[in-house]
Amino acid sequence: MDEKPVKRICIVGTAPTWHDAPWDDPSVEMWLLNDMHLLNPPRADRWFDLHPLDKMFFRAQGKKIAGHDVPAGFFLRPQGHLAWLRAQSIPVYVQDAAALGSPSARTFPREEIVKRFGPNFASSPAWMVALAILEGATEIYIYGIHLATEWEYLRQKPNLLFLMGLAAGRGIALHLPKGCPLLAEKHQYAYEADPDVPKVQAQRRVQQLETERIHTIKTLRKRRWWQRADPNLASRVSWLDAQIMDAKLGVQYVVAGSPPAGL
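Calculation rules
- Residues numbered from 1 in each chain as written.
- Predicted model: local features only at pLDDT ≥ 70, side-chain atom pairs only at ≥ 80, totals over all residues.
- Heavy atoms only, no water.
- Phe/Tyr/Trp six-rings, centres within 6.5 Å; stacked < 30°, edge-to-face > 60°.
- Helix = DSSP H or I, 4+ residues; strand = E, 2+ residues; numbered from the N terminus.
- Buried < 20%, exposed > 50% of the residue type's maximum accessible area, 1.4 Å probe, protein only.
- Expected span 1.5 Å × (residues − 1).
- Bend = angle between axes of the 7 residues up to and from the residue.
- Contact = heavy atoms within 4.5 Å.
- Salt bridge = Lys/Arg side-chain N within 4 Å of Asp/Glu carboxyl O.

Caption draft 1: Quick peek at the packing of aromatic side chains. Tallied over the entire structure, the rule returns eight aromatic pairs. On the basis of an interplanar angle of 65° and a centroid distance of 4.6 Å, the ring pair of Trp-47 and Trp-84 is categorised as edge-to-face. Linking Trp-47 in strand E3 (residues 46–48) with Trp-84 in helix H1 (residues 81–86), this pair joins segments that are 37 residues apart in sequence. Judged by relative accessible area, which is 2%, Trp-47 ranks as buried.

Below, the structure is given as structure tokens:
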């Protein structure tokens, strides 16, 4: 049985780990996207901008644009982005090659990919992983794609992980850079200690103290002249206030892994 020809593809986004991509390995095809040309990457073998060309909102060079200034449904791009895409000699994948109007333009094979993998695609990297699988990739590198910050990215992450799982299930080797949050679980569920247990314990201690404080205050308020009638309960409230403050500082300590500022 003949071995499958080696085909290495690296999909690169703009998150910080893009610097670590295998730029110097000529055996790896570099697939870049959107306006990453602003970062002056060392090379690219294919370019992708799958957003509607008529739904791009362009900003002047050096000008900052607030998110709320971009019309809903539009995608922010630098002025001259379309001209840059048209000037490329490498294949440039867009929704409609005719609309871009350049010899290098390629219509992205959406229909074929949907036929093979289903209709659920939530990001450009997901489409690109599917194309890499379709073209027979034996290894897929994913650099500079974290999907860990904005709500839009967090919504896109599960779909990308699904496509990565499909790739792994087909025997395609996945390569991710150190520090990438994709496929970066903190422990093996049920077989290893959950590192979040101390945080959960600290948070539950805060909840326990706050519940006791509420109960104590309710008890005091049910009594006439409550402050004089039972000074022990009043003192208990003050003590609980101090304990709650300490417990909340303890939560910060556990989450940060170091003492809170000022301690």
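Caption draft 2: Helix H5 (residues 151–169), seen in detail. Helix length check: H5, at 19 residues, gives a terminal C-alpha distance of 28 Å against a target of 27 Å (1.5 Å per residue), a fit within 8%. In H5, a bend of some 30° at Lys-157 exceeds every other bend along the element, and Pro-158, a proline, comes one to four places later. Residues of H5 that are buried include every one of Gln-156, Asn-159, Leu-160, Leu-163, Met-164 and Ala-167, and no others. Remark: Gly-171 follows H5 within two positions and exhibits a positive phi of approximately 85°.

Caption draft 3: Quick look at the environment of Cys-180. Within the fold, Cys-180 resides in the loop between strand E9 (173–175) and helix H6 (197–221). Residues Cys-180 and His-146, 34 residues apart in the sequence, show an inter-C-alpha distance of 6.0 Å. Discounting residues that sit within four places of it in the chain, Cys-180 has contacts with Ile-145 and His-146.

Caption draft 4: Looking closely at the pattern of salt bridges. Enumeration according to the criterion identifies nine salt bridges in this entry. Residues Arg-236 and Glu-212 are paired through a salt bridge, measuring 2.4 Å at the closest nitrogen-oxygen approach. Here the residue Arg-236 occupies a position in helix H8 (residues 231–256), and Glu-212 occupies one in helix H6, the gap between them amounting to 24 residues. In this structure Arg-236 comes out as partly exposed when scored by relative accessible area, which is 32%. Residue class for Glu-212 comes out partly exposed when judged on its relative accessible area of 27%. Note that Asp-241 and Arg-213 form a salt bridge whose closest N and O atoms lie 2.4 Å from each other. Pair noted here: Asp-241 is in helix H8 and Arg-213 is in helix H6, with a separation of 28 residues, a long-range link.

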